[in-house]
Each structure stands twice: as structure tokens, then as C-alpha cells.
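# Survey of secondary and tertiary structure
Take a look at the letters that make up each chain.
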Amino acid sequence: MTGKHILAIDQGTTSTRSIVFDAKAKRVAAAQVEFAQHYPAPGWVEHDPEDIWRDVLSTAREAIARSGVAARDIAAIGITNQRETTVVWDRATGTPIHPAIVWQDRRTAARCAELRAAGAEDEVRERTGLLLDPYFSGTKVAWILDHVAGARDRAERGLLAFGTIDSFLLWRLTGGTVHATDVTNASRTLLWNIREDRWDTAMCDLLGVPIAMLPEVHDNAHHYGVTAPGLFDAQIPVAGIAGDQQAALFGQACFARGMTKSTYGTGCFMLLNTGAEAIRSKHRLLTTPAYRLAGKTTFALEGSIFVAGAAVKWLRDGIGVITHARDTDDMATQVPDNHGVYMVPAFVGLGAPHWDADARAAIFGLTLGATQAHLARAALEAVGYQTLDLVAAMIADGGGRPASVRVDGGMAANDWLCGFLADLLEVPIERPEDLETTARGAAFHAGLATGVWSGLDELETLWSRDRSFEPAMPDDRRNTLVAGWHDALQRTLR
């Protein structure tokens, strides 16, 4: 392979996109499609893995066709994916035995509560860096094995494979010849020991997941395999994999300790680079590998907010307050303030630093003077308040106040939101020219593995700023707003 282009597959929670990047990390062509969400019971969220595979293949082919670049000139494929979403499939046929259980799904909340009550969480945190929460993959795998007839026996005999979405796609792309994942996705399963860099048999036993189901684990930049004949006009190496939030950190070139990125999509995920140190949080943040290159792991503290853009989607699709998500920018500026209206968007529980799986969304402060614009503004403000809670926890854990925060994701295109974040966090908010930093991160890993880029120093030169938003809100105004948020939050948690 002599090509200098990379195909990045970004398989997200609500859509799949494929992007062709050139050697300067510029987008050459892209294709994207949304896919169906399934809610079979309250708190349950599922995807059809076949829908995902179909969309990956179609968007990848379309992006290559639009780029004008021949498949033989694509140096490698990089994959980034919605993390924690769980697929179990038959090794002989490649067919999933159950719909994918999505990271948002809360069906295993009771099992997590049982394990916490039994005193397991301290050991879980020490081994995995995570908390006992249905967010993560391990209890989802066990649920599938316990609810599909014969599945547990087949898994113990090595007939079933488990993977997060990246692993399932890698299996399909390589024609069923490679069952593998990367360290960032492995670390989100509750089954990976981040201290010893291996699958943890004690955690597998605790959660009831046969180790025979698990994929091999590699660096993020790694030659995983090549695409099966017939998928594209030429066989293309798959050479980079990273979970979406770690991919965004990498795509934002946050390579130095203390650098911070926050991604605003369906949820919001903030990662603080902590270098070689795996800081154990005392404020219910996650300790997670940010990336592993040449066998050396760089760690991060992570705060996970389950609902950010999903609240805007609910305003649009659930109650018809807005017609388009972009309307929220104009609506937020139509009113001089929030009119005392606060939204706590606990539609699927609350993530960090609260981790309350049973909390549910609420809107406070409604009066007859409240309008659609106030609801739209409350949804945007909630993103800022939740981000502030994460920063406060990171500071308390010794991570320090970030010098700036690099933002990305679809909501980062909203100028009003970026300005509000700067005001609340009291640091500059830096928005890159290319908001597709998740896909860029996957491309960067694939490009490092195939020599398109020489190393982190070169990747740093490829990052460019679109705009920096500076804090401007008076202290008394900020303090009043934050106090109102904390009051609404406590009412929700009670």
C-alpha cells in the first residue's frame, strides 16, 4: 500500500459516517446515515447489529466513491465506535444472537446494585478504573447469556464471541478471521484490568462472562487485519481502533498531561490527559486508558454525561418544541435569561459524578411566563452545568483546572453554548476547524500504524483552531445560575 489517504469509520449511537482524510488530515469526502433506535421496555435501548453493518459498508463505499480515490490507494481503515454497546454473535455464522444492548441501556441496574450491596465496587474500581453501573458492557453480556436459550453453554464452549461495536465490525470487515479490539474499548467492559493490562479472570467470574468469549486486545495503532475480498475494489488494512471518546481526545491532539477535551453529541464526555499515571478518582470519575502506542499506555480521567444532544433531540422528536436541532442557538438568544427554568436531563439516569441509575429527568421553575425558548435554553444550559460538575470533580481529584478545554461534536457548532461553557468553566473554550475529531482520531491511529504520519509531533501540527471563546460572565451572575442548578439537581436526586 502506497496511498496517503485514510478511511475513518465513525459508528455512533444514532448515525454511522465514513470519512476519507488526506495526508494533511483534511476531509476529502464523507457519507453519513442515521439508523433506527429501539426501546423495547422503559430504560432499555437496543440496536440491530445488521443495520449497523449495512450502514458501515454502504457509507464506506460511498465515501470512497465520492473521494475519487481508488480503494488500492487507501492506506488503511481506522474505526471508532460508540463504546460499551454490546454484541454477542455466533463464531461459526457471524450472526448476532440478540440485538445489540446500547451503552444507554439500564436493564442491568438491579444486578449492579446487588454487586454493590455485596461490597464488590471497591475491587471493581481498583481493577478496572470503573464503577458498577449498567452503562458498561460486562453486565450486558451476562444478561444476554442468561436470557437467550442455550447461550451460556455455547459461550463456555467457545462457540460465541463478544465484542463492542468495533470488534463486531472488525470481524465482519475481515470476513470472520479476526476477533480483536483495542485497549480503550476493552477497558469499558468491566472485564479489563487497567493496572495489569489484561483480561481479568476475577472480574469475568464476578460478572459471569466466560473468558473464551473475549477478543484479543492490541494497541490503538496496530495492523489488525485486512478487509475480506469483495468488500471493496481492493483489500484494505484495518490499522486503527479507538473508542469514540478516546478517539476524540487523540483527534484533538491532547497529547500532553493536563490537556482536556469535551465532546458534545448524544451525551457529553470530558477526558483529562493524566499521562502515565492512572489516577484513582475519589469523586466518582472514571480512570481509563486514553491510548496505547507501542505498548505504552497514556491514561485519562473521564466524566461521562449520558444526555446532552439527546435532550435537544427529545425537544424536537418527543414534544415538538423545536423543528431542527440548530434552532436552539437562535432560541437561546431570543430571551434575556433562563427565566429560572432548569432542566435536569436524567432521561436514562445520571452519569458522573452522581451515578444515579434511577434518577429521571425533570424541569423546574416553570411559570406561565415560560416559553419554548426557555425550554430550549434550559436544555443547552444543562449541558454547561453538567460539564461544570465534571471539572469540579477533576480539580478535586488533583487533575487541576484545565488551561483551556477543546470541544467537539455536533453541539460544539453552537456559538451560544460554547460561550456559556466558557463563562461557567472560567476558562477559554477552543473549537477546532474540523469538529469531526472522533473520526480524525481513528484516522490518526491508522495513519501512525501505516506510516502516513510519523508520530505525535507531526499530528500536533495538523490541529487548527476555528475560534476561542473567552469567559465574560460576572461572578455574581454565574454564582446565581450555578446555585439554581444545584437546587434543581438535589431535587432530582432526592
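Numbering of residues begins from 1 in every chain and follows the order in which that chain's sequence is written. Thresholds applied to this predicted model are a pLDDT of at least 70 for local features of residues and 80 or more for the giving and counting of side-chain atom pairs; totals over whole chains, interfaces and linings are not thresholded and use all residues. The basis for every side-chain value is the complete set of non-hydrogen atoms in the structure, without hydrogens or water.

### Some points on the environment of Leu489
In this text, helices come from DSSP runs of H or I with a minimum length of four residues, and strands from runs of E with a minimum of two, each type numbered from the N-terminal end. Among the structural elements, Leu489 can be located in helix α16 (residues 475–493). Sequence separation between Leu489 and His354 is 135 residues; the distance between their C-alpha atoms is 10.0 Å. Leaving out residues up to four positions away in the same chain, Leu489 has contacts with Val344, Leu350, His354 and Asp389. Should any heavy atoms of two residues lie within 4.5 Å, those residues are counted as being in contact.

### Some details on helix α1 (residues 49–67)
Here the expected length of a helix is defined as 1.5 Å per residue gap, with one fewer gap than residues. Counted at 1.5 Å a residue, the expected span for α1 with its 19 residues is 27 Å, and the 27 Å between its end C-alpha atoms agrees. Within the sequence span of α1, burial applies to Pro49, Asp51, Ile52, Trp53, Asp55, Val56, Leu57, Thr59, Ala60, Ala63, Ile64 and Ser67. What qualifies as a polar contact is a pair of N or O atoms within 3.5 Å, subject to a donor-acceptor requirement within protein and to the restriction that residues adjacent in sequence count only when both atoms come from side chains. The N-cap residue of α1 is Asp48: its side-chain oxygen and the backbone nitrogen of Glu50 are 2.8 Å apart. The first or second residue beyond α1 is Gly68, which carries a positive phi of 75 degrees. Residue exposure (1.4 Å probe, protein chains only): buried if accessible area is under 20% of the type maximum, exposed if over 50%, otherwise partly exposed.

### Remarks on the nonpolar core
Nonpolar side chains tend to gather and get buried jointly when the protein is soluble and globular. Nonpolar cores are built from buried Ala, Val, Leu, Ile, Met, Phe, Trp, Tyr and Cys residues. Side-chain atoms within 4.5 Å join them into one set. Among the nonpolar cores identified, the biggest contains 105 residues, and Tyr135, Leu191, Met213, Trp355, Val407, Met411 and Ile429 are the most heavily contacted of them. Here the element with the most residues in this core is helix α12 (residues 372–396); it accounts for 14 residues. Excluding anything up to four places from it in sequence, Trp355 contacts Leu131, Asp133, Tyr135, Phe136, Arg284, Leu286, Ser304, Phe306 and Leu350.

### Quick word on the sheet that holds strand β14 (residues 237–243)
Pairing in this open sheet of six strands is mixed, and the strands run β3-β2-β1-β5-β14-β13 from one edge to the other. Two strands lie at the open edges of the sheet, namely β3 (27–34) and β13 (221–226), each paired on one side alone. Taken pair by pair, the neighbouring strands of this sheet meet at an average axis angle of 25 degrees, ignoring direction. Here α1 sits on the sheet in contact with β1 (5–11), β2 (15–21) and β3, set at roughly 150 degrees to β3. Note on method: axes are straight lines fitted to C-alpha atoms, helices fitted across the in-contact stretch only, with angles between N-to-C directions ranging 0 to 180 degrees. Contacting β1, β2, β5 (74–81), β13 and β14, helix α14 (residues 437–450) crosses the sheet at an angle of about 135 degrees to β5. Here, strands pair whenever DSSP counts at least two bridges between them.

### Quick look at unusual backbone geometry
Here the bond from Ala352 into Pro353 is cis, since omega is -10 degrees, no more than 30 degrees from zero. Mapped onto the secondary structure, Pro353 falls in the loop between β19 (342–344) and β20 (362–364). In this model, Leu190 sits at a positive phi of 75 degrees, which is unusual for a non-glycine residue. The topology assignment puts Leu190 in the loop between α7 (183–186) and β10 (192–193).

### Topic: the packing of α1 against helix α6 (residues 165–173)
Where α1 meets α6, the closest approach of the two axes is 11 Å, and the angle between their N-to-C directions is 60 degrees. Relative to α6, the element α1 lies oblique. In terms of crossing hand, the pair formed by α1 and α6 is right-handed. Facing α1, whose interface residues are Pro49, Glu50, Ile52, Trp53 and Val56, α6 presents Ile165, Phe168, Leu169, Arg172 and Leu173. Partitioned by chemical class, the residues of the contact of α1 with α6 number eight nonpolar, no polar and two charged. Note on terminology: angles under 35 degrees are roughly parallel, angles over 145 are roughly antiparallel, angles of 65 to 115 are roughly perpendicular, and the others are oblique. Left-handed describes a crossing whose near helix is turned anticlockwise from the far helix by less than a right angle; the clockwise case is right-handed. As a working rule, the residues Ala, Val, Leu, Ile, Met, Phe, Trp, Tyr, Cys and Pro are called nonpolar, Asp, Glu, Lys and Arg charged, and the rest polar, with Gly in that last group.

### Notes on the pattern of salt bridges
Within this document, salt bridges are pairs made up of a side-chain nitrogen of Lys or Arg and a carboxyl oxygen of Asp or Glu, the two lying within 4 Å of each other. With the rule as written, the count across this model stands at 42 salt bridges. In this structure, the salt-bridge partner of Arg292 is Asp197, at a minimum N-O distance of 2.6 Å. Residue Arg292 is found in strand β17 (residues 286–293), and its partner Asp197 is found in the loop between β10 and β11 (198–199); the two are separated by 95 residues along the sequence. Judged by relative accessible area, Arg292 falls into the buried class, the value being 8%. Bridged by salt links that share partners, the residues Arg83, Glu84, Arg188, Asp244 and Glu302 form one connected network.

### Considerations on the packing of aromatic side chains
Any aromatic ring pair is given by two values, namely how distant the centres are and how the planes are angled relative to each other. Classification of ring pairs uses Phe, Tyr and Trp, with its six-membered ring standing for Trp, and accepts pairs whose centres are within 6.5 Å; under 30 degrees between planes counts as stacked, over 60 as edge-to-face, and the remaining range as tilted. For the coordinates displayed, the defined rule picks out 22 aromatic pairs. Seen in terms of ring centroids, Trp89 and Trp171 are 5.7 Å apart; in terms of plane orientation they differ by 65 degrees. Their pairing is edge-to-face. In this pair, Trp89 is assigned in strand β6 (residues 86–90) and Trp171 in helix α6, connecting sequence segments 82 residues apart. Owing to a relative accessible area of 0%, Trp89 belongs among the buried residues under this scheme. Considering the side-chain rings of Trp314 and Phe347, the 5.0 Å spacing of their centres and the 50 degrees angle between planes classify their relative orientation as tilted. A residue pair is termed long-range when its members are at least 10 positions apart, and Trp314 in helix α10 (residues 309–318) and Phe347 in the loop between β19 and β20 qualify at 33 residues. Accessibility expressed as a relative area gives 28% for Trp314, which makes it partly exposed. Only when the NZ atom of a Lys or the CZ atom of an Arg is both within 6 Å of the ring centre and within 35 degrees of the ring normal do we say a charge sits over the ring. For Arg83, the ring lying beneath its charged end belongs to Phe269, and the centroid distance is 5.4 Å. The ring of Trp44 is capped by Arg107, whose NZ or CZ atom sits 3.9 Å from the centre of that ring.

### Some details on the environment of Gly150
With respect to the element layout, Gly150 can be found in the loop between α4 (137–147) and α5 (151–156). A sequence separation of 57 residues divides Gly150 from Leu207, and the C-alpha atoms of the two residues are 18 Å apart.

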